[in-house]
Amino acid sequence: RVSIVSSDTDYGRGMATKFRRIWQQGGMDEFGNPSGDPWVGEVVDYQNIELTADGQVIANAAYQAFSSMPTDPREKSRVIVLMAHAQHAYPILNYANDIGFQPDTIWLGGEAWTDRLPSGSSFPHPGAYLGLTPFRNRDQNYHDFLTALQDRQRRQGYHEWTDLPDYAAEYMVDAILALTIALSTVSPVQRGNPDLISERIQDLGFDGVSGYVSFAPEGHRMNPKFSVYNIQTTFKDGVEGVEWKNIGTVGTRTGSFNQTSTACFVGMHCVWSSNAPSDKYPVPKDPVLPGWAVAILVILLVMLLALLIKYWRSRKSKKDKLAQIDSELDDIDTQLEKAKKRQELLVLRRAELKSKPSRWTDSTDILIEVLPTEAEYWDVNERLKASMNDAHISKLWRIQNDNLWAFYSFHRDRLLSLGVNDNERQVWHGTSSLEPSVIYNDKQDGFMMQYSREGFWGRGIYFADKSCYSHHYSYSPSPDTPHRKGAESNEREMFLSKLLIGNQTFIRREGKELYCSSLTVPPNDPATNMKYNTVAGHTGGSDVWIVYENGRAYPDYLVRYYKGSRDQQRTPFASRSTALSGKPQGQASATSFTATDIESGTPIWEYNGDSGWEAYGDSQQVQLEQGYQRFFDDVDSDSSIIIQGPEWKYRVDFAEMNQKNVEHGGQRVRSVRRVV
């Protein structure tokens, strides 16, 4: 069981993604094949820490990442894999230490930051630090290569190296040696034959600078060797310090660790005794009872036995009364069960009667994909780009959860019944490491205080006006997320939500940090002697709102997006007009047609009825096609027309591709399509 922390760089994200995939597969050898040593790794949390434009670690991003990591002993991990370069890794470790992050953490890293300490480092910090670097065998081959290199540098007037660089130099030396040895085994006229040279390289086996060098038929390195390093406390000239110390070597196979020295926690001087951290949560304590406590327990047991005997003797006379009480309790349970079912029916009935958003369809699915041909796609796109101009939507889903909408509507009515304007607005919310489906699939609350953590304005549910603020708390989906598969490594997800702000109070944190961070409910409004509904603030360049109760927000849309240049595969259209005038690349759509499509055949208009897709009547076909052609020629014109059905009148909206009954009280909405 491990957690992963990475810096927001191509290296950090890429290493974290690949490590997580291989770790969770388990039981694989260095080539990705089953190794005969089955096991499954667990990743309990993943945090990606953002950097500034000039490559500095953002302190608030680091604090938020470590604050949101699991703290329940049944869920947390003491082992954290840190994927970052040295200039990012050590600031991240410093920020973790600043907030008192779990002091018994075991930090693991690769050669990008281990086996070196930055100048002016503020270590030691509590914890254990282990690193893997390529093994370097300082044998005669190594010294011969270094001597030849120094001679060349000396002759050309360059600075002479006293050692090879510490980043992949051993691999480069062995690559040169392997190629040289292979070439030396063939005649000069055959050295232009790549197949022959590859064959000779695959036959090689020699002790290199990076350990024993041999190759598999596929060309992979066979069981490469690594050095294991550990930060340990040192004393030099009476001064305490720390340094990375080599404690052994390890290969890529289970059981290959050759330990030459003890691994230590910083500040513990490698004394593994009673002060060593426990691997159990919580730390068990051996119960030791004094003699007088044992005597009291014996007396209590005797008294309890006497009471049980007395109760047993009186039980027979009370049997009839108990039977009567049990019967009444059964009746009450039956009434409660009926009341509960009645309550559920009323809630569902209320949800049916309560006006739902006009954009909702008749689908029973909760997660509905919104296409670029729909107006709401571009409404959300505009909100996203308002503060993140380099962000692009790759997927957009509308949330149609009847139960959550009924609960949200209940809170709106409650505010209105108290004479409070609901002050509804669209806001952003990132779930950090919480899977968004936990919120949008919930049938009762949606956004829940139980998932909230303490922030600048206490423990509450936080929402932001600007997407760039919530981006720091966005969720990183995996490629195999159920119902939302296909996410790429640089994509994020967050909610665009509806929030009932109600009566709010704006609180500045300056000079009130302790008061703000301790809030669990809004303060009282002196004008009404009732609590404010919402606390408002400003941080990170955005207005934010904090609510301290469930049900006041509805997850309207789940937005999957990425930052940078627009990828035409994921985001084929740059505007709504281009989406309406052409088909997405690689997709077929019943709602996107070109002029060629219109001329190629007779279009048929259909609506999604109770029994599936049904065609409109002949006169309605003409009306629909004429209206569509007008909208097709000018997307800024009115997007809807009114048609007369057998019983009712319907409004057909070409931008939304749906119809609404404008005469029936239910105003049911159905999808429509145009088939050529």
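Everything below is about the structure shown above.
On a predicted model such as this, the values are computed, not experimentally measured, just so you know. (Residues numbered from 1 in each chain as written. Predicted model: local features only at pLDDT ≥ 70, side-chain atom pairs only at ≥ 80, totals over all residues. Heavy atoms only, no water.)

## A look at the sheet that holds strand E28 (residues 658–661)
Link 1 in the chain: Strand order in the open sheet made by the six strands is E25-E24-E29-E28-E27-E26, with antiparallel pairing throughout. Of all strands in the sheet, those with a lone pairing partner are strand E25 (612–615) and strand E26 (640–644), marking the two edges. Neighbour to neighbour, the strand axes of the sheet diverge by 30° on average, direction disregarded.
Link 2 in the chain: Relative to E25, strand E24 (residues 604–609) is paired through four bridges, and the arrangement is antiparallel. Directly across from Tyr 607, in E25, lies its bridge partner Glu 614.
Link 3 in the chain: The strands touched by helix H16 (residues 618–633) are E24, E25, E26, strand E27 (649–653) and strand E29 (669–675); relative to E26, the strand with the most contacts, the crossing angle is about 175°. (Pairing = 2+ DSSP bridges. Helix = DSSP H or I, 4+ residues; strand = E, 2+ residues; numbered from the N terminus. Axes fitted to C-alpha atoms, helices over the stretch in contact; angles between N-to-C directions. Contact = heavy atoms within 4.5 Å.)

## Thoughts on the nonpolar core
Link 1 in the chain: If you look at the biggest cluster of nonpolar residues, it comprises 28 residues, and the most contacted ones within it are Val 5, Ile 49, Phe 66, Leu 82, Trp 107, Trp 113 and Tyr 129.
Link 2 in the chain: At the level of secondary structure, the elements contributing two or more residues to this core comprise helix H2 (59–67), strand E3 (79–83), helix H3 (86–98), strand E8 (226–236) and strand E9 (239–250).
Link 3 in the chain: Top contributing element to this core by residue count: H3, with seven residues.
Link 4 in the chain: If sequence neighbours within four positions are ignored, Trp 113 has contacts with Leu 82, Ala 84, His 85, Ala 86, Ala 89, Tyr 90, Leu 93, Trp 107, Leu 108, Tyr 129 and Trp 244.
Link 5 in the chain: One finds Leu 367, Ile 439, Phe 463 and Phe 495 within the second-largest nonpolar core, a separate group that totals 26 residues. (Core = buried A, V, L, I, M, F, W, Y, C linked by side-chain atoms within 4.5 Å. Buried < 20%, exposed > 50% of the residue type's maximum accessible area, 1.4 Å probe, protein only.)

## Some points on a negative patch on the surface
Link 1 in the chain: Taken together, the side chains of Asp 326, Glu 328, Asp 330, Asp 331, Asp 333 and Glu 337 make up a negatively charged region of the molecular surface.
Link 2 in the chain: Following the sequence through the fold, Glu 337 ends up in helix H8 (residues 319–353). (Patch = residues over 30% accessible without salt bridge, like charges linked within 9 Å, V, L, I, M, F, W, Y side chains within 5 Å. Areas by Shrake-Rupley, 256 points an atom, 1.4 Å probe, with all protein chains shown as cover. Salt bridge = Lys/Arg side-chain N within 4 Å of Asp/Glu carboxyl O. Lys, Arg positive; Asp, Glu negative; His and termini not counted. Charge placed at Lys NZ, Arg CZ, Asp CG, Glu CD.)

## Considerations on the pairing of strand E12 (residues 391–399)
Link 1 in the chain: The buried fraction of E12 amounts to eight of the nine residues, a majority that puts the element mostly inside the structure.
Link 2 in the chain: Relative to E12, strand E11 (residues 367–369) runs antiparallel, the two sharing three bridges. Of the residues in E12, the one forming a bridge with Ile 368 is Arg 398.
Link 3 in the chain: When E12 meets strand E23 (residues 553–563), the two strands line up antiparallel, connected through seven bridges. Its bridge partner lying in E23, His 392 is registered against Tyr 562.

## Focus on the sheet that holds strand E1 (residues 2–7)
Link 1 in the chain: Strands sit in the order E2-E1-E3-E4-E5-E8-E9-E10 across an open sheet of eight strands; the sheet is mixed. The outermost strands of the open sheet, each flanked by one partner alone, are strand E2 (43–49) and strand E10 (258–259).
Link 2 in the chain: Relative to E2, E1 is paired through six bridges, and the arrangement is parallel. Within the sheet, the bridge partner assigned to Ile 4 lies in E2 and is Tyr 46.
Link 3 in the chain: Strands in contact with helix H1 (residues 10–25) are E1, E2 and E3; relative to E1, the strand with the most contacts, it is inclined by about 160°.
Link 4 in the chain: The strands touched by H3 are E1, E2, E3, strand E4 (106–109), strand E5 (128–134) and E9; relative to E3, the strand with the most contacts, the crossing angle is about 145°.

Scope: geometric values only; no functional claims are made or implied.
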